[in-house]
Amino acid sequence: MARITAGIGSSHVPLLGVAVDQGKTRDEYFSPIFAGYDWTRDWEKQQKPDVVILVYNDHASFFDMKIVPTFAIGCAERFGICDEGWGPRPVPDVEGHPDLAWHIAQSLILDEFDMTIVNEMDVDHGLTVPLSMMFDTPKTWPTKVIPLAVNVVTYPVPSGNRCWALGEAIRRAVESFPEDLNVQIWGTGGMSHQLQGPRAGLLNREWDNKFLDMLVGDSDAARWIPHIEYLRETGSEGIEMVMWLIMRGALGKKTRCLHRHYHIPCSNTAIGHIVLEPEA
Ligand SMILES: [Fe+2]
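Small disclaimer: the values here were computed from a predicted structure and weren't measured.

Peer 1: Can you walk me through unusual backbone geometry in this structure?
Peer 2: For residues besides glycine, phi is generally negative; the peptide bonds are generally trans as well. Residue proline 156 is bonded to the preceding tyrosine 155 through a cis peptide linkage, with omega at 5°. Locating proline 156 in the fold gives a position in the loop between strand E8 (144-150) and helix H5 (160-175). Omega for the peptide link from isoleucine 264 to proline 265 comes to -10°, which places this bond in the cis form. At glutamate 112, a position not held by glycine, the phi torsion is positive, near 80°. Mapped onto the secondary structure, glutamate 112 falls in the loop between helix H3 (98-110) and strand E6 (116-118). Despite not being glycine, aspartate 136 has its phi angle at roughly 70°, a positive value.

Structure follows, in structure tokens:
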């Protein structure tokens, strides 16, 4: 049986991809950020996940206003890298797991989550930056990846509660897949940031850390945070954090924190990172 063995929450700031690609991760500016991921990089070498369900959002790189799927699951064999304006990042293509992805799609749809099935897709920094943070610069990524894209760019975006419930349904889907697979789920984006308007540059260390606290243990309070609170407290782009709730929902009733890291600023953004294990 396949099992979800761990969950990771992580920011996916595009500047971090630039730092990796240009070999600047230990520069004075980036060093405290990347040092917070050292523990996780070593831990992942031992964990060796077979598949990562990687929850992220596309930043109008592959999807655009013509089609805005709320929840989309990538069922392809392989995913290319988006050109986000400076050419595609020099990272390997992402290898999918079509058998598990189709199984999850079927299970979710019969479980009344109307997923968009995507059989051809390029992925942007929302997906590749977390892979770089966790796995550095390998020739090929050491895990298969099922991209799960969430619309957090164009309102209406899904509620925290709906995201959490989707995570619960993903757990049921994975646990009904007969093959023995070590599956992780990552939720990416955030933390507090606002990129435009009079509040551009807004960061909120206190709120972000309260959010990280809420992911640990048996509280499900985070699923009830309304959109307006993310907007008010964490800026217009802080809404990306609802994607972390898909990860948290997939870990079951209770979690244990293995590692946690927070740093501001990175570009205009607060960097947060947490590694969680489901606890029976
Ligand atoms: Fe993002």
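Next comes the rest of the description.
Peer 1: Explanation requested: the packing of H5 against helix H8 (residues 242-249) in the structure shown.
Peer 2: Two numbers describe a pair of packed helices, the interaxial angle and the distance between the axes. Remark: H5 packs on H8, axes separated minimally by 6 Å, with the N-to-C direction vectors making an angle of 35°. You can see that H5 and H8 cross each other, and the crossing is right-handed. Where H5 approaches H8, its residues Gly160, Cys163, Trp164, Leu166, Gly167, Glu168 and Ile170 are matched on the opposing element by Val242, Leu245, Ile246, Arg248 and Gly249. When grouped by side-chain class, the residues that make up the contact of H5 with H8 number 7 nonpolar, 3 polar and 2 charged.

Peer 1: Whenever I open this one, the packing of H3 against H5 confuses me. Can you help?
Peer 2: The N-to-C vectors of H3 and H5 enclose an angle of 125°; their axes lie 9 Å apart at closest approach. Regarding the angle of H3 to H5, the classification is oblique. Between H3 and H5 the crossing geometry is right-handed. Side by side, H3 and H5 meet where His103, Ile104, Ser107 and Leu108 of the first sit next to Leu166, Ala169, Ile170, Ala173 and Val174 of the second.

Peer 1: For this particular structure, what's the right way to read a nonpolar patch on the surface?
Peer 2: Residues Trp102, Ile109 and Ile117 make up a contiguous nonpolar surface patch of about 250 Å² in total accessible area. With respect to the helices, strands and loops of the structure, isoleucine 117 is situated in strand E6. Classification of isoleucine 117 as partly exposed rests on a relative accessible area of 32%.

Peer 1: Is there a simple way to explain the sheet that holds strand E3 (residues 71-74) in this structure?
Peer 2: Adjacent strands of a sheet pair through backbone hydrogen bonds, lying either parallel or antiparallel. Read from one edge of the open sheet, 8 strands run E6-E3-E8-E2-E9-E1-E11-E10, paired in mixed fashion. At either end of the open sheet lies a strand with only one pairing partner, and these are E6 and strand E10 (254-266). Taken over all neighbouring pairs, the strand axes of this sheet differ in orientation by 20° on average, direction set aside. Contacts from H8 reach strand E1 (3-10), strand E2 (51-56), E3, E8, strand E9 (182-188), E10 and strand E11 (269-279), with the element oriented near 155° to E9.

Peer 1: So what exactly am I meant to see when it comes to the coordination of the iron ion here?
Peer 2: For a metal with four donors in a tetrahedral arrangement, the ideal angle between donors is 109.5 degrees, while six donors in an octahedron ideally sit at 90 or 180 degrees. Protein coordination of the iron ion is provided by His12 (NE2), His59 (NE2) and Glu240 (OE), with donor distances spanning 2.0 to 2.1 Å. Sequence positions of the residues that donate to the iron ion give the spacing H-x46-H-x180-E. In this pair, histidine 12 sits in the loop between E1 and helix H1 (14-21) while glutamate 240 sits in the loop between helix H7 (227-234) and H8, placing the two residues 228 residues apart along the sequence. Of the two residues, histidine 12 and glutamate 240, neither departs from the other in class, the shared state being buried.

Peer 1: So what exactly am I meant to see when it comes to the pairing of E8 here?
Peer 2: Consecutive side chains along a regular strand alternate between the two faces of the sheet. E8 sits mainly inside the fold: 6 of its 7 residues count as buried. Where E3 lies against E8, 3 bridges are found, and the strand directions are antiparallel. If you follow isoleucine 73 over to E8, its bridge partner there is leucine 148.

The rules behind the values
- Each chain has its residues counted from 1, following the order in which its sequence is written.
- A pLDDT threshold of at least 70 governs which residues receive local features in this predicted model, and a stricter bar of 80 or more applies before side-chain atom pairs are shown or counted, although totals over entire chains, interfaces and linings include all residues.
- The basis for every side-chain value is the complete set of heavy atoms in the structure, and neither hydrogens nor water enter the calculation.
- Helix numbering and strand numbering both begin at the N terminus, where a helix is a DSSP run of H or I of at least 4 residues and a strand a DSSP run of E of at least 2.
- Axis lines are fitted to C-alpha atoms, over the contacting stretch for helices. Their N-to-C directions set the angle, which ranges from 0 to 180 degrees.
- Left-handed describes a crossing whose near helix is turned anticlockwise from the far helix through less than a right angle; right-handed describes the clockwise counterpart.
- In what follows, residue pairs with any heavy atoms lying within 4.5 Å of each other are defined as contacts.
- By the convention adopted, Pro, Cys, Tyr, Trp, Phe, Met, Ile, Leu, Val and Ala count as nonpolar, Lys, Arg, Asp and Glu as charged, and the other residues, Gly among them, as polar.
- When describing relative orientation, an angle under 35 degrees is termed roughly parallel and one over 145 degrees roughly antiparallel, while 65 to 115 degrees is termed roughly perpendicular and anything else oblique.
- The patches reported here contain residues having more than 30% relative accessible area and no salt bridge. Joining distances are 9 Å for like charges and 5 Å for nonpolar side chains (Val, Leu, Ile, Met, Phe, Trp, Tyr).
- Per-residue and other accessible areas were derived by the Shrake-Rupley procedure at a 1.4 Å probe size, with only the shown protein chains allowed to occlude residues.
- Salt bridge, as applied in this entry: a Lys or Arg side-chain nitrogen positioned within 4 Å of an Asp or Glu carboxyl oxygen.
- Accessible area is worked out with a 1.4 Å probe on protein chains only. A residue is then buried under 20% of its type maximum, exposed over 50%, and partly exposed in between.
- Think of it this way: DSSP has to see at least two bridges between two strands before they count as a pair.
- Each metal site is built from N, O and S donor atoms within 2.8 Å (3.2 Å for Na, K and Ca), and since water is not included, such sites may look incomplete.

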